[in-house]
Each structure stands twice: as structure tokens, then as C-alpha cells.
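# Topology and contacts: notes
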2 protein chains.
Amino acid sequence: MKKFTNRSLCPISTALDIFGDKWTLLIVRDIIFEGKSAYKEFMQSEEKIATNILANRLSILEAQGLVIKEKTTGNRSRYLYHPTPKAIALIPVIAELILWGNTYYPDTYTHPESLLAGLKTDKMNTIQAYTEKLTARLNRKKDKLD
Amino acid sequence: MKKFTNRSLCPISTALDIFGDKWTLLIVRDIIFEGKSAYKEFMQSEEKIATNILANRLSILEAQGLVIKEKTTGNRSRYLYHPTPKAIALIPVIAELILWGNTYYPDTYTHPESLLAGLKTDKMNTIQAYTEKLTARLNRKKDKLD
DNA sequence: CAATAAACTTGCATTTTGCAAGTGATAATA
DNA sequence: TATTATCACTTGCAAAATGCAAGTTTATTG
């Protein structure tokens, strides 16, 4: 089990204490930009995460309040992982990562392709659009529970 | 030795292949925002990086073209690590990390304190100011060599 | 009700991390 | 000039994390 420790009161190191590894942000990417929500879907990503690592990271994301785990009934996928506002707030971070990555490794690309294009031509609006879309979806979910 | 592998052509995963760990970005933080350049200075950071990890990460940063290692003479510090444009281009990523971290962990703070304040009140200008300052310093260094 | 599938868990070898101690080269000091 | 100190590491080793394959459990479909 990966243990959680706060190494300092630096916001950067605090953030890295949570997702400073090779896998966690890829799961967030899948949830936020690819609309994935099932365990199986995360397993299918190109980077081939190991199943025990995925289970571990999902539990950390849940414990840190970045995802909520929903139990469904009568469905093939029995659990669904949804982003919280705290995860949605990572969109600007990931957006800058995408731009940096593609600047220095130009043969990289995103799913969907329009994401990278959008960030290049109008970063602010692209970030805002994704943020609002996911926030709206989250609010609809919340309304249903009332 | 940590080995470098490209897990996919995703710009995010490509970026994480380089600095997807708990330490690398903290070294970049020290270089960029705290003006550190000597091995000893990195060792003194609050997070207490182990000396073998620091040596390993510096060699990776150098190999990936994020820092250049300068040999000095007649000085106390015999080697100095300077950021390349590729490292300077990480400023927006780190800036967003700072904002995210401080939003969800409000008792965190930055060195210098003005950095966090600046990002909160005028993100774009703060990023631009740091970028230009470091780029100018880099160019002065380059001129000297001509 | 048997077979399939989803979401894990377990076991184990390999790799990475963390900690302490040691080393070699240069620089300051007596 | 000899000695001491400092810097930038390297090495050794125990502990933790990762990667891979196989197994388990619960629900669902034919």
C-alpha cells in the first residue's frame, strides 16, 4: 500500500504527495478528457496500467476526495468512478502538461484530438468548456439524489 | 538507475515519463522559483531529498535537456545547475500546481510568498515575469560564452 | 443454472526508494 | 605547506513500491 505523507507545506509538494507518480494523473486524464468511469475502461488505456496499481490509485483518489465511487445496479459495470470538483480543478494543470509535452515532443497527440488543438488556439476557453461540462454533469448527478 | 521509457504518444504520459515522481518537480521548483543552482542548496530544501535520489534526478534532468551543468572554478560550489528553456517552459505547469495545491490545502505557502499572491491576483503576468527573468538570465549567460 | 464478465486480490520477482556511511577532489585555514 | 573542511557525490543495504500472472468473488447473461 502506498502511504500518504505530507513532506512540507509547499503547495507543489503537497500536490505531488497525492499524484506525484506515473499513473495517477493518467487516470484523472481518462476520467476528465476521455469520459471514462469504469475500472475496465481504465485498464484499456494505451499505457497498460497493472490491475493492482489501478486499484490502489483509485482508492487513493477516492480517499483524497478526487473521485466518488458509485455503485450501480442491473448494469454490466457495477462501479462507476466520477470526478469531484477537486479533480475537475486539475484541468488547468493537465492542460499545461499537454501543452508542454506537445511542445517538446511534437509527435504526441491527445484523445480527443480537438483537445490539443483547442488548447493551442484558445487555451482559456477550452479549459473553461471542459470545466463547465464536467461541473454541469456533476450537478445533474447531485440533483437526481435530491 | 531509473530507466526512461515512453509508454505512449500522449503528451501527458510523455511528460510524466520524465518528471512523474515525487522529487523531480521539486528540484525544478528550487531552480526556477528559489534561484537555487548548487547541489548543496537542493539538499537543504524542506522536503529532505536523499542524496542518491538528488544525484539521480539531476542526471535525468540533464539527460532530458531540462538543466545544464556548469563547472565553475575558484568557487565554493564547483558545479551549478541552470534551467534550459525546456525547464523554464514548465513554469505554467508548476504555477497551476501551486494554485491547485493552495486551493485545496489553504495552509500551504510558497517561497517567495509573493509568488502565490502574484498567481492569485494576476496569473498571466506573474508567469510571464518569471519566464522573462529566467530567459534573460539564460541569454546573458549565453552571450558571455560568445 | 452454467458460462461469462467486471472488479478486484494475492503472490512473488524486480525495481526504486530511503537512510547511513564512505570517498575523492578542491578550497580554506593554521 | 600541512591540515582541515566542504562539496558533490557513490556505495551498501533494508524497506517499500511496481509489474506481471494467476486466482477470487459477485453479478449478469444466455
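Look above for the structure.
Now for a look at the structure at hand. (Residues numbered from 1 in each chain as written. Chains lettered and ligands numbered in written order. Predicted model: local features only at pLDDT ≥ 70, side-chain atom pairs only at ≥ 80, totals over all residues. Heavy atoms only, no water.)

### Focus: the relation of the copies chain B and chain A
At an RMSD of 0.0 Å, chain B and chain A line up after a rotation of 180° and a shift of 0.0 Å along the axis. A rotation of that kind, with that shift, is consistent with a two-fold axis. Among all C-alpha atoms of chain B, that of D21 of chain B lies closest to the rotation axis, at 2.2 Å. The fraction of interface residues of chain B whose copies in chain A are also interface residues reaches 100%, indicating that both copies meet through the same surface. (Least-squares fit on C-alpha atoms with pLDDT ≥ 70 in both. Contact = heavy atoms within 4.5 Å.)

### Here's the deal with the protein's contact with DNA strand C
Around DNA strand C, the structure places 23 residues, and the nearest of them are K40, R78 and Y81 of chain A together with N52 and R57 of chain B. Looking at DNA strand C alone, sugar and phosphate atoms form 69% of those within 4 Å of the protein. The separation between a base nitrogen of DNA strand C and a polar side-chain atom of R78 of chain A is 2.7 Å. Contact distances for DNA strand C include 3.4 Å between a phosphate oxygen and a backbone N or O atom of Y79 of chain A. Every element with two or more residues in the surface near DNA strand C is listed here: α3 (39–43), α4 (51–63) and β2 (79–83) of chain A together with α4 (51–63) of chain B. Classifying every residue of the surface near DNA strand C gives 8 nonpolar, 7 polar and 8 charged. (Near = heavy atom within 4 Å. Polar contact = N/O pair within 3.5 Å; in protein donor to acceptor, adjacent residues only side chain to side chain. Helix = DSSP H or I, 4+ residues; strand = E, 2+ residues; numbered from the N terminus. Nonpolar A, V, L, I, M, F, W, Y, C, P; charged D, E, K, R; others polar.)

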